[in-house]
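Structural description and commentary
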Amino acid sequence: MQWRALVLGLVLLRLGLHGVLWLVFGLGPSMGFYQRFPLSFGFQRLRGLDGSASPASGPAGRPGGPSGPSWMQPPVPGAAAGRRRAPRRPGPGVCGPAHWGYVLGGRGRGPDEYEKRYSGAFPPKLRAQMRDLARGMFVFGYDNYMAHAFPEDELNPIHCRGRGPDRGDPSNLNINDVLGNYSLTLVDALDTLAIMGNSSEFQKAVKLVIDTVSFDKDSTVQVFEATIRVLGSLLSAHRIITDSKQPFGDMTIKDYDNELLHMAHDLAVRLLPAFENTKTGIPYPRVNLKTGVPPDSNNETCTAGAGSLLVEFGILSRLLGDSTFEWVARRAVKALWNLRSNDTGLLGNVVNIQTGRWVGKQSGLGAGLDSFYEYLLKSYILFGEKEDLEMFNAAYQSIQNYLRRGREACNEGEGDPPLYVNVNMFSGQLMNTWIDSLQAFFPGLQVLIGDVEDAICLHAFYYAIWKRYGALPERFNWQLQAPDVLFYPLRPELVESTYLLYQATKNPFYLHVGMDILQSLEKYTKVKCGYATLHHVIDKSKEDRMESFFLSETCKYLYLLFDEENPVHKSGTRYMFTTEGHIVSVDEHLRESPWKEFFSEEGGQDQVGKSEHRPKPHELRVINSSSNKDSWLSGLQTWTGTTPSAFLGLQLAVDRSWDISASTSRNI
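Going along each chain's sequence as written, the residues are numbered from 1 onward. Under the rules for a predicted model, residues below a pLDDT of 70 receive no local features and side-chain atom pairs below 80 are neither given nor counted, while totals for whole chains, interfaces and linings still include all residues. To obtain the side-chain values, all non-hydrogen atoms of the structure were used and water was disregarded.

**Considering the overall build of the chain**
When helices and strands are tallied, the chain shows 24 helices and 20 strands. Relative accessible area decides the class of each residue, using a 1.4 Å probe on protein chains only: under 20% of the type maximum gives buried, over 50% gives exposed, and in between gives partly exposed. Here the chain holds 668 residues, and 59% of them are scored as buried. If you take every contact in the chain between residues at least 6 apart in sequence, the share linking residues at least 24 apart comes to 73%. To measure how exposed things are, a 1.4 Å probe is used in the Shrake-Rupley method; for residues, cover is taken only from the protein chains shown. Summing over all exposed atoms, the chain offers an accessible surface of approximately 25,500 Å²; the carbon and sulfur share of this is 51%. Numbering of helices and strands runs from the N terminus; a helix is a DSSP stretch of H or I covering at least four residues, while a strand is a stretch of E covering at least two. Residue contacts are defined here by distance: any two heavy atoms, one from each residue, within 4.5 Å place the two residues in contact.

**Here's the deal with the sheet that holds strand S6 (residues 350–352)**
For sheets, the rule is that strands pair by backbone hydrogen bonds, running either parallel or antiparallel. Only strands joined by at least two bridges in the DSSP assignment are considered to pair. A sheet is described by the order of its strands in space; here three strands give the open sequence S5-S6-S7, paired in antiparallel fashion. Edge positions in the open sheet fall to strand S5 (300–302) and strand S7 (358–360), since each of these has one partner strand only. Sheet twist, expressed as the average angle between the axes of neighbouring strands with direction ignored, equals 35°. With three bridges joining them, S5 and S6 adopt antiparallel strand pairing. By the bridge assignment for S6, Cys302 is matched with Val350. Lines are fitted to the C-alpha atoms to define the axes, a helix being fitted only along its stretch in contact, and any angle between axes, read from their N-to-C directions, falls within 0 to 180 degrees.

**What about helix H6 (residues 124–148)?**
Multiplying one less than the number of residues by 1.5 Å gives the expected span of a helix. With 25 residues, H6 should reach 36 Å at 1.5 Å per residue; the first-to-last C-alpha distance of 36 Å fits that figure. By the burial criterion, the buried members of H6 are Arg127, Met130, Ala134, Met137, Phe138, Gly141, Tyr142, Asn144 and Tyr145.

**Notes on the pattern of salt bridges**
Any two side chains of opposite charge can pair if their charged atoms end up close together. The rule for a salt bridge is simple: a side-chain nitrogen of Lys or Arg has to be within 4 Å of a carboxyl oxygen of Asp or Glu. Per the stated rule, a full pass over the model turns up 24 salt bridges. Note that Glu374 and Lys378 form a salt bridge whose closest N and O atoms lie 2.7 Å from each other. Of this pair, Glu374 and Lys378 both sit in helix H16 (residues 370–383), four residues apart, which is roughly one turn of the helix. The exposure class assigned to Lys378 is buried, which follows from its relative accessible area of 5%.

**Some thoughts on the pairing of strand S14 (residues 482–485)**
In this structure, strand S13 (residues 475–477) lies alongside S14, joined through three bridges in antiparallel fashion. For Asn477, the partnering residue across the bridge sits in S14 and is Ala482. Hairpin remark: S13 followed by S14, antiparallel, with four residues in the connecting loop; positive phi at Gln481, about 60°.

**Thoughts on the state of the cysteines**
Cysteine sulfurs are considered disulfide-paired once they come within 2.5 Å of each other. The full count for this structure, using the stated rule, is two disulfides. A sulfur-sulfur distance of 1.9 Å marks the disulfide that ties Cys160 to Cys529. Because the sign of the S-S torsion sets the handedness, a value of about 90° for the bond joining Cys160 and Cys529 places this disulfide among the right-handed ones. Of this pair, Cys160 sits in the loop between strand S1 (154–156) and strand S2 (161–163) while Cys529 sits in the loop between strand S15 (526–527) and strand S16 (530–531); the two residues are 369 residues apart in sequence, bridging distant segments of the chain. An identical accessibility class is assigned to Cys160 and Cys529; each is buried. Bridging Cys410 to Cys457, the disulfide has an S-S length of 2.1 Å. An S-S torsion of about 80° defines the bridge between Cys410 and Cys457 as right-handed.

**Concerning the sheet that holds strand S12 (residues 434–436)**
Read from one edge of the open sheet, three strands run S12-S13-S14, paired in antiparallel fashion. Two strands close off the open sheet at either side, each with one partner strand: S12 and S14. This sheet shows a mean twist of 35° between the axes of neighbouring strands, independent of strand direction. Examined bridge by bridge, S12 and S13 share three bridges and lie antiparallel to one another.

**Some thoughts on the packing of H6 against helix H21 (residues 509–524)**
Running from N to C, H6 and H21 cross one another at 40°; their axes reach a closest spacing of 11 Å. It follows that H6 is oblique to H21 by the angle criterion. The chirality of how H6 crosses H21 is left-handed. Together, Leu126, Arg127, Met130, Leu133, Ala134 and Met137 of H6 and Leu511, Met515, Leu518, Leu521 and Glu522 of H21 make up the contact between the two elements. Note on residue classes: Ala, Val, Leu, Ile, Met, Phe, Trp, Tyr, Cys and Pro are nonpolar, Asp, Glu, Lys and Arg are charged, and everything else, Gly too, is polar. Counted by class, the contact of H6 with H21 contains nine nonpolar, no polar and two charged residues. Oblique is the label for every angle not falling under 35 degrees (roughly parallel), over 145 degrees (roughly antiparallel), or within 65 to 115 degrees (roughly perpendicular). The crossing is said to be left-handed when, going from far helix to near helix, the turn is anticlockwise and less than a right angle, and right-handed when the turn is clockwise.

**Some remarks on the packing of aromatic side chains**
The description of an aromatic ring pair rests on the distance of the ring centres and on the angle between the ring planes. Pairing of aromatic rings covers Phe, Tyr and Trp, the last counted by its six-membered ring, and requires centre-to-centre distances within 6.5 Å; plane angles under 30 degrees mean stacked, over 60 mean edge-to-face, and any other angle means tilted. According to the stated counting rule, one finds 22 aromatic pairs in the structure shown. Joined through ring pairs, the aromatic side chains of Phe392, Tyr396, Tyr420, Phe441 and Phe442 make up one cluster. Comment: the charge-over-ring label is applied if NZ (Lys) or CZ (Arg) is within 6 Å of the ring centre and within 35 degrees of the ring normal. Positioned above the aromatic ring of Trp434, the side-chain terminus of Arg475 is 3.8 Å from the ring centre. Taking the ring centre of Phe140 as reference, the NZ or CZ of Lys526 above it sits at 4.7 Å.

**Looking at the packing of helix H14 (residues 310–320) against helix H15 (residues 324–338)**
When two helices pack together, their arrangement is captured by the angle between the axes and the distance separating the axes. Following both chains from N to C, one finds H14 and H15 inclined at 155°, their axes separated by 7 Å at the closest point. What the angle tells us is that H14 and H15 run roughly antiparallel. Crossing of H14 over H15 shows left-handed handedness. Packed against H14, whose contacting residues are Leu310, Phe313, Gly314, Leu316, Ser317, Arg318 and Leu320, the element H15 presents Thr324, Phe325, Glu326, Val328, Ala329 and Arg330 at the interface. Its residues assigned to classes, the contact of H14 with H15 shows seven nonpolar, three polar and three charged.

**Some details on the environment of Val287**
Among the structural elements, Val287 can be located in strand S4 (residues 286–288). Counting along the chain gives 14 residues from Val287 to Pro273, while the straight-line C-alpha distance between them is 7.2 Å. The residues touching Val287, leaving out its near neighbours within four places in the chain, are Ser219, Thr220, Val221, Val223, Arg270, Leu271, Ala274, Gly292, Val293 and Pro294.

**Considerations on unusual backbone geometry**
Cis geometry marks the peptide bond from Phe150 to Pro151; its omega dihedral reads 15°. Residue placement: Pro151 occurs in the loop between H6 and S1. A positive phi is found at Asn258, a non-glycine position, where the angle reads about 65°. Note on placement: Asn258 falls in the loop between helix H11 (223–242) and helix H12 (259–271). A relative accessible area of 10% means that Asn258 is categorised as buried. In the Ramachandran plot, Lys506 falls in the positive-phi region, its phi being about 55° despite a non-glycine side chain. Within the secondary structure, Lys506 sits in the loop between helix H20 (493–505) and H21.

**Considerations on the environment of Arg330**
Note that Arg330 resides in helix H15. A C-alpha to C-alpha distance of 9.8 Å links Arg330 and Ile282, two positions 48 residues apart in sequence.

**Description of the side chain of Thr185**
Of note, Thr185 is situated in helix H8 (residues 184–188). Owing to a relative accessible area of 1%, Thr185 belongs among the buried residues under this scheme.

**Some points on H15**
Because each turn of an α-helix spans 3.6 residues, side chains separated by three or four positions in sequence point in the same direction. Over its 15 residues, H15 runs 21 Å from end to end, which matches the ideal 21 Å to within 8%, given 1.5 Å per residue. With 14 of 15 residues buried, H15 is to be regarded as a mostly interior element.

What follows is the structure, encoded as structure tokens:
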């Protein structure tokens, strides 16, 4: 009994000592969430660029403030307006290593450790090793897919076999929304092969797609997934093949007769029934590739799924000289935009396509909304339609006003570091305390508009989570400091933002981030025949699935991060990536919409429930990426049978414009 009393006495003595230290010097253990954030991102004062500490403040960044993080508090009235500033474009040194020491360090990790680790140059030899590791990661996954899974859609990397649609359980949307029995992984990976300079395999893969892939299948797929993964990849590969400059090496195909473009057209026509018989113009979420919209189809769809089709559909329309596809996609975007809250300017995440009523009122940056915002900006970059930029600019202001919590600047001022939360679209009030991994795309989007400082700060938050688990959990509760949803399906969003931030800042810190991610993927997800989904980011148990975006995005962005001499960076051509990571050259050819002159001014104001005539697809008119303006107009002149009234809704009524810097559409 004496030893128990002794142990108890020592415990009480230690607790008493900690209590005294905490009361007198503030050195004791943390007593609340806002003091103990182990990621060292929030609620401790971030270091200045020179390593000096920022002024002290209360727990919520305000003396005498509420006992909790300011992320829980609604925006201060009037403060949001102050954030409507011109984007700041700091130089490469904006995020000093001392800053990162506090942002990313755990207990016992001071600025000096991160100064040593992250501030030095990334040696060229190490960079080449990481580039080769990223290429090897892609090759290992791709070769195993071709050996064990093709022609099925996906690879089961643990059991080394293929996976297709779940015919036995049509309600298994996690599988059936994506897998359409059209060799998805092969199609999705085409432009990655080109970017890595593997011309022989690219040519072989294209011929396989042309010879073996058909969309005449009894498969019910999600319109959004089929568009971004399949349609987008076909268009990207077609542009690579027909590019007269051939920056990636000789990617031409002997006797190529625009087969990929014809396939893209065939798929898009099969997706068009989703836009019919909908009172709002917002498409049904799913179609059967043979029969159209299923009789029992759901009338509810997410904002991102319905409003993120414009890039791919717009490219297709402009290559064909057929406005049908861009028209229906743009009508859906405008219908959603017209349903935004009059008070906050925010959109919800789930809407009824017949009534226009919001079923899901959550507004955030993650699942259900992410790519909607992304495509407003990217559509402008690609097509130059000012209305797209105006919508994005207004949406970005609403995001800053209602979703962004914390202090205005990342590295100075009062309050907690900024974070974007989920709120009610009508009131702007906090709805929950989690973020999801898809939100990690947002720093990359901020880079595209030049808001680099905010992008740096937000990226640090997601990287800090990665550092803790070696992966990003699907949902992370920032109040409880724990994952809400524990799996990681090899998503690319953090890698994408890391790549874009490196391109913007050239800070070697982001090369270290990429190396950490590469090493984590190799350590925790590599299995016998590929890379597997993490079922549980803590115990690292796995699921037998390798989604196609691992090859089309995750490996691609990691490779480009370390391949400084890649033609994407050196060819002089401006590039943009779709939401599925497919590369598209930004050129004047795609900014020409020769049918625009036929649109009526009144068509710019679509109203929910208004019955409109939709143009019908006409004979395929092929316009290669190497065609000049004369051939484009010639293709238009031969396209007959369409009246101006058929295009109601696409004429843009633009009252003002917001000039975006030339850096917006450079090699991004």
